[in-house]
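# Observations on the model geometry
Listed below, chain by chain, are the residues.
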2 protein chains.
Amino acid sequence: MIGRTHKCGEIRESDIGTEVQLKGWVQKRRDLGGLIFIDLRDRSGIVQVVFNPEVSREALELAEKVRSEYVLDIKGEVVGRDQSTVNPNLPTGEIEIRATHLEILNAAKNPPISISNDIDVSEELRLKYRYLDLRRPVMQETFKMRHRVTKLIRDFLDQEEFLEIETPMLTKSTPEGARDYLVPSRVHPGSFYALPQSPQIFKQLLMASGFERYYQVVRCFRDEDLRADRQPEFTQVDIETSFLDKEDLIAMMESMMANVLKEAKGETAETPFPRMTYQEAMDRYGSDKPDTRFGMEFVDVSELVKESDFKVFSGAVANGGAVKGINAKGAAGNYSRKDIDALTDFVKTYKAKGLAWLKVEEEGLKGPIAKFFNDELAGSLKTAFNAEAGDLLLFVADSKPVVADSLGTLRLKLGKELGVIDESKFNFLWVMDFPLMSYDEEVGRYFAEHHPFTSPLKEDMHLLESDPGSVRANAYDLVLNGYELGGGSQRIYQREIQEKMFKALGFTEEQAKEEFGFLMEAFEYGTPPHGGIAFGLDRLVMLLAGRTNLRDTIAFPKTASASDLLTEAPSAVSQEQLKELHLEVTKKPEKADTKA
Amino acid sequence: MIGRTHKCGEIRESDIGTEVQLKGWVQKRRDLGGLIFIDLRDRSGIVQVVFNPEVSREALELAEKVRSEYVLDIKGEVVGRDQSTVNPNLPTGEIEIRATHLEILNAAKNPPISISNDIDVSEELRLKYRYLDLRRPVMQETFKMRHRVTKLIRDFLDQEEFLEIETPMLTKSTPEGARDYLVPSRVHPGSFYALPQSPQIFKQLLMASGFERYYQVVRCFRDEDLRADRQPEFTQVDIETSFLDKEDLIAMMESMMANVLKEAKGETAETPFPRMTYQEAMDRYGSDKPDTRFGMEFVDVSELVKESDFKVFSGAVANGGAVKGINAKGAAGNYSRKDIDALTDFVKTYKAKGLAWLKVEEEGLKGPIAKFFNDELAGSLKTAFNAEAGDLLLFVADSKPVVADSLGTLRLKLGKELGVIDESKFNFLWVMDFPLMSYDEEVGRYFAEHHPFTSPLKEDMHLLESDPGSVRANAYDLVLNGYELGGGSQRIYQREIQEKMFKALGFTEEQAKEEFGFLMEAFEYGTPPHGGIAFGLDRLVMLLAGRTNLRDTIAFPKTASASDLLTEAPSAVSQEQLKELHLEVTKKPEKADTKA
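What you see is a predicted model, and the numbers here were worked out from it, not measured in a lab.

Secondary structure summary: chain A contains 17 helices and 23 strands in total. Seen along its three principal axes, the alpha-carbon backbone of chain A occupies a region of about 90 × 75 × 55 Å. Across the 596 residues in chain A, those meeting the buried criterion constitute 58%. If you sum the accessible surface of chain A, you get close to 24,900 Å²; carbon and sulfur atoms cover 46% of it. Once the 77 positive and 99 negative side-chain charges of chain A are each reduced to a mean point, those two points are 4 Å apart.

Take the pattern of salt bridges next. For the structure on display, the rule yields 96 salt bridges over all chains. Notably, a salt bridge pairs Asp225(B) with Arg186(A), separated by 3.2 Å at the nearest N-O pair. Here Arg186(A) lies in the loop between strand 7 (182-184) and strand 8 (192-194) and Asp225(B) lies in the loop between strand 9 (213-221) and strand 10 (233-242), a pairing that spans two chains. Judged by its relative accessible area of 14%, Arg186(A) falls in the buried class. Asp42(B) is the partner of Arg4(B) in a salt bridge, and the nearest nitrogen-oxygen pair spans 3.5 Å. You can see Arg4(B) sitting in the segment before strand 1 (19-32) and its partner Asp42(B) sitting in strand 2 (residues 35-42), a full 38 residues away along the chain. It is possible to trace a salt-bridge network through shared partners that takes in Glu123(A), Arg126(A), Arg130(A), Asp133(A), Arg136(A), Arg547(A), Arg551(A) and Asp552(A).

Right, let's get into the UniProt feature "binding site: ATP" (unreviewed entry) in chain A. Per the UniProt annotation, the sites labelled "binding site: ATP" (unreviewed entry) are Arg222(A), Asp223(A), Glu224(A), Gln231(A), Glu484(A), Gly536(A), Leu537(A), Asp538(A) and Arg539(A). With respect to the helices and strands, Asp223(A) occurs in the loop between strand 9 (213-221) and strand 10 (233-242). Apart from the residues within four sequence positions on either side, Asp223(A) is in contact with Arg179(A), Asp180(A), Tyr181(A), Arg186(B) and Leu581(B). Examined against the element boundaries, Gly536(A) turns out to sit in strand 22 (residues 530-536). Here Gly536(A) falls in the partly exposed class, since its relative accessible area comes to 24%.

Here we come to the interface of chain B and chain A. Of the residues lining the interface, 128 residues belong to chain B; the matching set on chain A comes to 129 residues. Both sides together, the interface formed by chain B and chain A hides about 11,700 Å², and carbon and sulfur atoms give 57% of it. Linking chain B with chain A are 20 salt bridges. A salt bridge links Arg219(B) to Glu166(A); the nearest nitrogen and oxygen atoms lie 3.2 Å apart. Where chain B packs against chain A, one counts 71 residue pairs in polar contact (both at pLDDT 80 or more).

Residue and element names in this part refer to chain B. Spatially, the eight strands line up as an open sheet ordered 6-9-10-22-21-20-17-11, and their pairing is mixed. The outermost strands of the open sheet, each flanked by one partner alone, are strand 6 (163-164) and strand 11 (275-277). As defined by bridge partners, strand 6 adjoins strand 9 across two bridges and the pair is classed as parallel. Paired with Glu164 across the strands is Tyr215, a residue of strand 9. Helix 7 (residues 278-285) rests against strand 11 and strand 17 (428-432) of the sheet, and its axis sits at about 90 degrees to strand 11.

A word on the packing of aromatic side chains. Both the distance between ring centres and the angle between the ring planes are used here to describe each pair of aromatic rings. Evaluation of the coordinates by the stated rule reveals 42 aromatic pairs over all chains. Where Tyr193(A) meets Tyr181(B), the ring centres are 6.2 Å apart and the plane angle is 85 degrees; that geometry is what we call edge-to-face. One end of the pair, Tyr193(A), is in strand 8; the other, Tyr181(B), is in the loop between strand 6 and strand 7 (182-184), on a second chain. Taken as a pair, Tyr193(A) and Tyr181(B) share a single burial class, namely buried. Seen from their ring centres, Phe502(A) and Phe516(A) are 5.1 Å apart, and the 5 degrees between their planes marks the pair as stacked.

Summarising the element assignment, Met542(B) is placed in helix 15 (residues 537-544). Leaving out residues up to four positions away in the same chain, Met542(B) has contacts with Tyr483(B), Arg547(B), Thr548(B), Asn549(B), Leu550(B) and Thr553(B).

On to the environment of Leu394(A). All names here are of chain A. Considering the arrangement of structural elements, one finds Leu394 in strand 16 (residues 392-398). The spatial distance from the C-alpha of Leu394 to the C-alpha of Val55 is 72 Å, given a sequence separation of 339 residues. Apart from residues no more than four positions distant in its own chain, Leu394 is found in contact with Lys324, Gly325, Ile326, Leu343, Leu355, Ala356, Trp357, Leu407, Leu410 and Leu414.

Mapping chain B onto chain A calls for a screw motion: a turn of 180 degrees about the axis and a shift of 0.0 Å along it, with 0.1 Å RMSD after fitting. Considering both components of the superposition, the chain copies are consistent with a two-fold axis. Same-surface contact between copies: 100% of interface residues of chain B are shared with the interface of chain A.

With that out of the way, let us pick up the domain arrangement of chain A. When the domains of chain A are assigned, the result is domain 1 (13-106), domain 2 (140-165 + 197-275 + 430-552) and domain 3 (294-421). Placing a centre on the C-alpha atoms of domain 1 of chain A and another on those of domain 3 of chain A gives a separation of 62 Å.

Let us look at the side chain of Gln231(A). Residues and elements named next belong to chain A. The residue Gln231 is located in the loop between strand 9 and strand 10 in this model. Assessed through its relative accessible area of 6%, Gln231 is described here as buried. Polar side-chain contacts of Gln231 include one of 2.8 Å to the backbone nitrogen of Lys558. Those residues within four positions of Gln231 in sequence are excluded, and the remaining contacts are Leu226, Arg551, Ile554, Pro557 and Lys558.

Let us look at the packing of helix 10 (residues 337-348) of chain A against helix 12 (residues 400-417) of chain A. Residue and element names in this part refer to chain A. Their axes nearest at 9 Å, the elements helix 10 and helix 12 cross at an angle of 135 degrees. By the angle class used here, helix 10 and helix 12 are oblique. Pair helix 10 / helix 12 crosses with right-handed handedness. Contacts between helix 10 and helix 12 involve Leu343, Phe346 and Val347 on the former and, on the latter, Ser406, Thr409, Leu410, Lys413 and Leu414.

Take the sheet that holds strand 2 (residues 35-42) of chain A next. Residues and elements named next belong to chain A. Taken together, five strands build a closed barrel; the order of strands is 1-2-3-5-4 and the barrel is mixed. Pairs of neighbouring strands in the sheet enclose a mean axial angle of 55 degrees, with direction left out of account. In the sheet, strand 2 pairs with strand 3 (residues 45-51) via seven bridges, with the strands oriented antiparallel. Note on strand 3: the bridge partner recorded for Leu40 is Val47.

Conventions we followed
Residues numbered from 1 in each chain as written. Chains lettered and ligands numbered in written order. Predicted model: local features only at pLDDT ≥ 70, side-chain atom pairs only at ≥ 80, totals over all residues. Heavy atoms only, no water. Helix = DSSP H or I, 4+ residues; strand = E, 2+ residues; numbered from the N terminus. Buried < 20%, exposed > 50% of the residue type's maximum accessible area, 1.4 Å probe, protein only. Areas by Shrake-Rupley, 256 points an atom, 1.4 Å probe, with all protein chains shown as cover. Lys, Arg positive; Asp, Glu negative; His and termini not counted. Charge placed at Lys NZ, Arg CZ, Asp CG, Glu CD. Salt bridge = Lys/Arg side-chain N within 4 Å of Asp/Glu carboxyl O. UniProt positions renumbered as here; feature names shortened; annotations may be inferred. Contact = heavy atoms within 4.5 Å. Buried area = accessible area lost by both parts, 1.4 Å probe. Polar contact = N/O pair within 3.5 Å; in protein donor to acceptor, adjacent residues only side chain to side chain. Pairing = 2+ DSSP bridges. Axes fitted to C-alpha atoms, helices over the stretch in contact; angles between N-to-C directions. Phe/Tyr/Trp six-rings, centres within 6.5 Å; stacked < 30°, edge-to-face > 60°. Least-squares fit on C-alpha atoms with pLDDT ≥ 70 in both. Domains from an automatic or database assignment. Parallel < 35°, antiparallel > 145°, perpendicular 65-115°, else oblique. Left-handed = near helix turned anticlockwise from the far one by under 90°.

Right, dumping it as structure tokens:
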């Protein structure tokens, strides 16, 4: 330890008698019986320092000036505490420092955020005074976790002979994918760079370059309207390999993730991870990233109820939709009519027309729609849901996508409300065989489900021109506890197939050539078969650190309106700067943003 | 090895008899006596594969279709070569692969760049077909070196308990420093983010956050007109520490660099590294980043010649300038009058009015200006330069900055031309005690020499208001072989001093508050004393890999006009994109750039 002899949080009984020099922040000052007690904090933890006039009157007098968050340089001796004052809640609770010297390195005003884990302040205040927010132990631990996780991943990939290679941030804007952040060029008037949404094309070019195994921990950008779990800039663990097939890559990534979990959390993840097709995930959970830490799986009762007297059910099936339900085991007593009305409002925000329900009692099914089901049908429903007295059955009857989305979200909500999710679990799951593309009715063309460079499954290749909507992708998403942790695929590496792909996506030959001609040309100069994956690092850290908000894993995050409340970015710039970039602003700047 | 059993370049005599599966690129095909020989290349190197009709006629027939850069999957047996065909230049030269199976994974057109170290093609072609250029062994080695160097640095800093923490790319534009790349905000019309020139402010805020030791390998951006050793985006090893003083940090960084040199190059760098003040570096070498691998130091003869009859010399001194010279030992014979005329033209591009010279002969000094110096003065000059017969003395008489710049550059040019630079050396040097700021006559104010957050030397602090130009910075640049490898300093951490600094730089109180108010506010909430350094990773890799161009250390670099010739960025974007960003372009895009 340069500059000090010990870290505050690491001094122990065995250090008693040692002269120490410590540097850190004042967590708390207490005056008691002519003595001053200071809890001194550094990155490692807290230690108690005592100023005693019999040891040094000078130090004591200086200590009187000290307030919370002052920065101190302290010299003293480690002494044992009286048995009566031992603090068993503190790792350093057996000892204290008898201060001989004190220097105030910097003063501090009374901080607007208390430096402790439990605070009750607005997100806005936390972001405006982010440097104080980051002093809180829980935030310090999160960033230590982030460092450790990143290091574990790097070390693993280094062992596997991956080369970390950096790709450009100033790239070309392409029409596919999300909205680009643009960067105007000064040298080329009217031209723009785009910040990368991912290094996808560059990592494929690195495979064409013969690097065989590439990775990068890399910043990516999306100019989208933000949700709680999105940030305009995010970090991706980006991986690409040549010559490995899907199974090779999946096995390697499982071993990497299992290693991270073990080293960072002391938890064991059994490999191989479970797998599920996209279709199965949608059928059973209404989601392509199901949280498998609890059951409450969908029961498809379309066949059972298609001829029932309840027109909402039979009508949905007749219109090509479906009727599916979930069984909230033993929850009949927990949900009043009013509660269920609230659930109905909830599913309506996901476009469901309504929520039907039945409570299971010893005597049979109860509820407003129970009358539509005769004894036989009621029995079949009970069997289908494996239902017992006390269960609450909840149904959505609608188009298939609406059923999946609304009932899937309701399942997650109930899982949390009923406390049936084991929060200590880390459930990895591969979701496979995604559709390669899906049709956008509004725009009137197909869009790639992952990106236009994803290879079709070999057995579906022949459908690429005749029936593109039914082609499955040679792709694999890794899901952890209901979050999409990463998405990977084998890539197209032959010009002819890439051309067919662009054609299916509605590109003219000229457009395809103009946008991606250089990549297709690379395919003609000996590009090896390749595939890769990208993981969201922010999200992985969030889950491992037990946080619930992505912002807590990013040192200086943006608000929902993409502002930095600390530095007040974005901001107006000078006319001179705009002129150099050959730009005029067509709308006046608004006042600075102050909301999270 | 998944997907194959061996790497091409690693098969040895001890593998004879082994069945192998290899994947790679065709370096060369030769047909000889009914057999086909293919040199197969992967990241590890090259191995010879033989197709023999007696082993597999099928494989042989397929091999006939194979051309350079085809991608192959080969199975076969390792066999020893006849003594007569052993290739001692190849690590795999004792063996070859007798192929039993061949699969063509991808075909290749004839590449426009040969995949070998010695190529004679334009930089433009190399950048347009960068993925082929990167296949060349020397480029592969450079990126392996880059990976290794980065890993060594990360491991060292991890050991020293630094946390890698990511800082934003979408930041606030500030008026100091180089020109920012701007990113228009869609959500906040007329507002812009700036891409960071360095994470300087954020790393200081991380010190205010109590992280104590931070590092990041981070992309930085400068929108400047480019020289050969500049790129619009570059990578920095960014480091900041709390509580360490200058000497602590310097010692730690020396140990890091010595470790990199040892592990990456097998070379030993003696610590502590030599040091020199800025003033001494300018006096002796005319440069703040002197190449100390050779001598040819400046000799200041101003005093000697101030009263000489040669008016160019005496006049320069009378005008407050200086007369300095260098001694090109034994080079009198190498430089004809015409050659010296060329050197004169060279120094003129650095604003020198001319170049005076003297050749030292047994009989005395010779040359057009020799007549101005009497025997005594000639003797004094010889002594000053430690000159012997055969030496060439070259002089610039001009203002001090012009003397430094022109003669310093001439020294480097002569050092190369005369072959006196030991290219195997790695000469580290700290340059210390830079001026804190310098006055820009044109703009009429002081500018920070490093940046406005650099602390003055304690002993010069009192001059900050009265004589800012004479204040020395508590700063330290690390120089390697004449390149500035990194710059560091202790930072200001007290509001009062930071305010004085901004005032000295011509900021009004309001401007300082508007631009950097959040940082000065952080200083008031317990910011510890801190300091740090940043190293140019591209440049470090360039020097360690023995390359002479920064572009060779960056996978996808930009040209001098900041274009990417491969993907053709920057490019025009749609009107819709501009409209969303509330922008109009005032100048039409030009045709795409095709020059390096």
